[in-house]
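# Fold and geometry: a report
Read off the chains here:
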Amino acid sequence: MSRREPTPTPPMRERSRRHSWVRVFLPVALILVWLVGASLGGPLFGKVDEVSSNEQTTYLPESADATQVQKLLGEFNDSDSIPAIAVFTSDEKLTAAELDAISGAVSDAPKVEGVGEDVSPALPSDDGRAVQAFIPIDSDAELADATSALGEELRAAVPDGITVYITGPAGFSADLVAGFAGIDGLLLGVALLAVLVILVLVYRSFLLPLVVLSTSLFALCVALLVVWWLAKFEILLLSGQTQGILFILVIGAATDYALLLVARFREELRVSQDKGTAIMAAWKGSVEPIVASGGTVIAGLLCLLLSDLKSNSTLGPVAAIGIVFAMLSALTLLPSLLLLFGRAVFWPRRPRFEPEVVAAEHGMRTTGLWARLAGFIKRRPRVIWIVTTLVLLAGAAGVTQLDVDGVPQSDLVLGASEARDGQVALGEHFPGGSGSPVYVVVAEGQLQDAADILLANDGVDAVSVTSADSPSGSAPVTADGITSVGPPGTPVPDPTTVKGDVLLQGTLTDAADSEAAASTVRELRGQLDDVDALVGGVTATSIDTNDASIHDRNLIIPVILVVIMFILMLLLRSVLAPVLLILTTVLSFGTAMGVSALVFNGIFAFPGADPAVPLFGFVFLVALGIDYNIFLMTRVREESKAHGTREGILRGLSITGGVITSAGLVLAATFAALSVIPILFLVQLAFIVAFGVLLDTFVVRSLLVPALTYDIGKAIWWPSKLWRRGKD
């Protein structure tokens, strides 16, 4: 007699129907929710510039002198326009007719859309071969368009043989705007294409890469929706730099988390015919490492809130929001899509239902690259980790060559730059600091003392003064509000009549973004200590930014290490293992920075690096690099409970090797995509993080960590139960 399955009772049939209904309804509902969020966030990709700012003083600490001076400038100037400097040069001495043509062109400049009315007269140089004019650009104008149109108009109005440049603050700001212009289109397109190619090569499937990429793109759309509105209501500050990092971080992290879940799903399909059971088991096996990984990155990013620079502190919450949605999409949207498609998502290489094969393998493949590597580590663990460490230390030695003292404003944008060329031309015929003066705000009664200090400094070519309050009948300034201050000891006409704060503007002899100008401003600040004065301007802003960056770097890096180590201790229930993981990650970071220094100096010949580069590189490399150790060690701990520590290490490496390597390639490719934006900071960050991630993936996580932990044995779990009761 054959055995028959029992006939389901009505309650059993009811539970079965309810389970099937939930299995269908819940994934569809989650997909629809994500679809609505993406449809609302997608259109904002072309509108980020409406809520972002690239003005450097916006991101300085409130206490910085340059910030306070910037706020006070409105008392001395009714206009909030951005000054541009038009420079006209000729190989020969300019004739009277050419000078008249230049003067006429400058006078007609306000006819150009976006150009203000308060245009200065054309000022010839002492050598007679150049002319400069100060032309304001309206703050609400499209800066890049306005400066470009102004340059075209001036070139058309002057005789042949005269070269025209648009430089100054407006010119350099227009360069930055143009540099960031490719973020919404070019950067996103390159990053998505790179990820798609890698996924196709990894999975050799047509549908699965699209499913994974959709998960990342939906996460980015919803994250942008939240960030855009927070920036709209001025809760967060958003810049082109922050925007680019957000795009890359979300795409890379969401894809990494998706790869981990997909790998687990493939494993479960080999031992379960039911796709629902498989996806649930995969979700349970992936949720801890994904949440731990994302939580580690978020914790590291939120440490940036300790930064004095708003460009750093605002990146923390913006990027953290992106990571939150990357995790949510990987744990809700992706499982829903996988449940709907089932095995078909892997077509044409669908995983077979083969529990007997899995049982024979004991859950671990015995062939392939990662199985061979595990065998190699088993035979020579101590030799491997010692040699690997020495190689990494040799690479880290190059960090002494890293120049992170800041770069001139003229070098922030890579490639051709009219503003940079114009500044060079300006310095050849006029004082180098023309158009970007040092601003000194002085309290009443100390005007002459401050003026004497400025004029006595060899780095200052000339000084002018503007009063915020000029009493009627005793005006110490000319009709246009500005007068030249005489030589040291020569008083401004009746200076005792000046009431309220006074603005001194010093024209520097050197270019405003040069080291010589920075030295001059630092000297002035020291000399003005006894005078109630604040020093600001372009050079002072750069100085305050660099000083704040150095402070942030020295404060935040140790804090991040402590926070991440604490998270790892909670995750692994151990003290020794987290310490070792942190040390290996720091060593990997040092090697990445050392190699980067050699590449930046010897191959690319970069002029230096911003002080924030090591901080950003550390945040991303340590927070993201530790992800792969988390993926590895959580699986090692899981396997160690059943098979012992040393066997668990080998099993964890062979099981996770493929997926972690794929994740590392994806993250490296997405960060490398930042290099398509011609901004020095982003190009340097792209190389550091991409190289560092590959180093973590192929060396640290594949060789150093497994060999070191295998050599130590179960003591790595000290002082947990696994150390006391486990076996090697």
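Definitions and cut-offs
Residues numbered from 1 in each chain as written. Predicted model: local features only at pLDDT ≥ 70, side-chain atom pairs only at ≥ 80, totals over all residues. Heavy atoms only, no water. Buried < 20%, exposed > 50% of the residue type's maximum accessible area, 1.4 Å probe, protein only. Helix = DSSP H or I, 4+ residues; strand = E, 2+ residues; numbered from the N terminus. Patch = residues over 30% accessible without salt bridge, like charges linked within 9 Å, V, L, I, M, F, W, Y side chains within 5 Å. Areas by Shrake-Rupley, 256 points an atom, 1.4 Å probe, with all protein chains shown as cover. Salt bridge = Lys/Arg side-chain N within 4 Å of Asp/Glu carboxyl O. Phe/Tyr/Trp six-rings, centres within 6.5 Å; stacked < 30°, edge-to-face > 60°. Lys NZ or Arg CZ within 6 Å of the ring centre and 35° of its normal. Contact = heavy atoms within 4.5 Å. Axes fitted to C-alpha atoms, helices over the stretch in contact; angles between N-to-C directions. Parallel < 35°, antiparallel > 145°, perpendicular 65-115°, else oblique. Left-handed = near helix turned anticlockwise from the far one by under 90°. Nonpolar A, V, L, I, M, F, W, Y, C, P; charged D, E, K, R; others polar. Core = buried A, V, L, I, M, F, W, Y, C linked by side-chain atoms within 4.5 Å.

Burial runs high along strand E5 (residues 438-442): 5 of the 5 residues are buried. On E5, burial covers both faces: Val 438, Val 440 and Val 442 on one face and Tyr 439 and Val 441 on the other are all buried.

All right, on to a nonpolar patch on the surface then. On the surface, a cluster of nonpolar side chains totalling about 500 Å² of accessible area is made up of Val 24, Val 28, Leu 32, Leu 35, Leu 340 and Phe 341. Only helix H1 (10-41) and helix H11 (315-341) provide two or more residues apiece to the nonpolar patch. With 4 residues, H1 is the largest single contributor of residues to the nonpolar patch. Structurally, the position occupied by Leu 32 is in helix H1.

So, about the packing of aromatic side chains. This model, assessed by the stated rule, comprises 14 aromatic pairs. With a centroid separation of 5.3 Å and 25° between ring planes, the pair formed by Phe 604 and Phe 606 is classed as stacked. Here Phe 620 and Phe 671 contribute two aromatic rings whose centre-to-centre distance is 5.5 Å and whose plane-to-plane angle is 55°, an arrangement assigned as tilted. Here the residue Phe 620 occupies a position in helix H20 (residues 612-643), and Phe 671 occupies one in helix H21 (residues 645-672), the gap between them amounting to 51 residues. Phe 671 sits in the buried class, given a relative accessible area of 0%. Members of the aromatic cluster, connected to one another through ring pairs, are Phe 600, Phe 604, Phe 606, Phe 687 and Phe 691. When the ring centre of Tyr 710 is taken as reference, the NZ or CZ atom of Arg 646 above it lies at 5.5 Å.

This next bit is on the side chain of Gln 505. Positionally, Gln 505 belongs in strand E8 (residues 499-508). For Gln 505, a relative accessible area of 19% translates into the label buried. Here Gln 505 is in contact with Pro 437, Val 438, Tyr 439, Ala 462, Val 463, Ser 464 and Thr 466, once residues within four sequence places are set aside.

A few words now on the packing of helix H14 (residues 381-396) against helix H19 (residues 576-602). For the pair H14 and H19, interaxial distance at closest approach is 7 Å and the crossing angle is 45°. By the angle class used here, H14 and H19 are oblique. Between H14 and H19 lies a crossing of left-handed hand. Across the interface between the two elements, Thr 389, Leu 392, Leu 393, Gly 395 and Ala 396 of H14 pack against Leu 587, Gly 590, Thr 591, Gly 594 and Val 595 of H19.

Time to look at the pattern of salt bridges. Following the criterion strictly, the structure yields 12 salt bridges and no others. For Arg 155, the salt bridge identified is with Glu 418, shortest N-O distance 2.7 Å. In this pair, Arg 155 sits in helix H4 (residues 143-157) while Glu 418 sits in helix H15 (residues 418-429), placing the two residues 263 residues apart along the sequence. On the accessibility criterion, Arg 155 (36% relative accessible area) is partly exposed. The network of salt bridges with shared partners includes Glu 267, Arg 635, Glu 639 and Arg 651.

Closest axis-to-axis distance for the helix H5 (residues 168-180)/H15 pair is 8 Å, and the angle between their directions is 155°. In terms of their interaxial angle, H5 and H15 are classed as roughly antiparallel. Note that H5 runs across H15; the crossing there is left-handed. On H15, the residues touching Gly 171, Phe 172 and Asp 175 of H5 are Ala 419, Arg 420 and Gln 423. Tallied by class, residues from the contact of H5 with H15 come to 2 nonpolar, 2 polar and 2 charged.

This paragraph deals with helix H16 (residues 447-456). Counting buried positions over the 10 residues of H16 gives 7, a clear majority of the element. If you check which residues of H16 are buried, you get Leu 447, Gln 448, Ala 450, Ala 451, Asp 452, Ile 453 and Leu 454.

Grouped together as the largest cluster of nonpolar side chains are 162 residues, with contacts concentrated most on Tyr 257, Leu 301, Leu 338, Phe 616, Phe 620, Met 633 and Phe 671. Sort the elements by how many residues they give to this core and H20 lands first, with 18 residues. Ignoring any residue separated from it by four or fewer positions in sequence, one finds Phe 620 in contact with Ile 245, Leu 249, Leu 301, Leu 315, Gly 625, Phe 671, Leu 685 and Val 689. Of all hydrophobic cores here, the second largest spans 28 residues; its members include Leu 309, Leu 447, Val 463 and Leu 528.

The omega torsion across Trp 347 and Pro 348 is 15°, close enough to zero to call that bond cis. For Pro 348, the position within the fold is in the loop between H11 and helix H12 (355-361). Along the chain, Trp 718 connects to Pro 719 via a cis peptide bond; the corresponding omega equals 5°. Following the sequence through the fold, Pro 719 ends up in the loop between helix H22 (680-712) and helix H23 (721-725). Backbone geometry at Arg 204 places phi at a positive 50°, although glycine is not the residue there.

In short, shape yes, function no, at least from these values alone.
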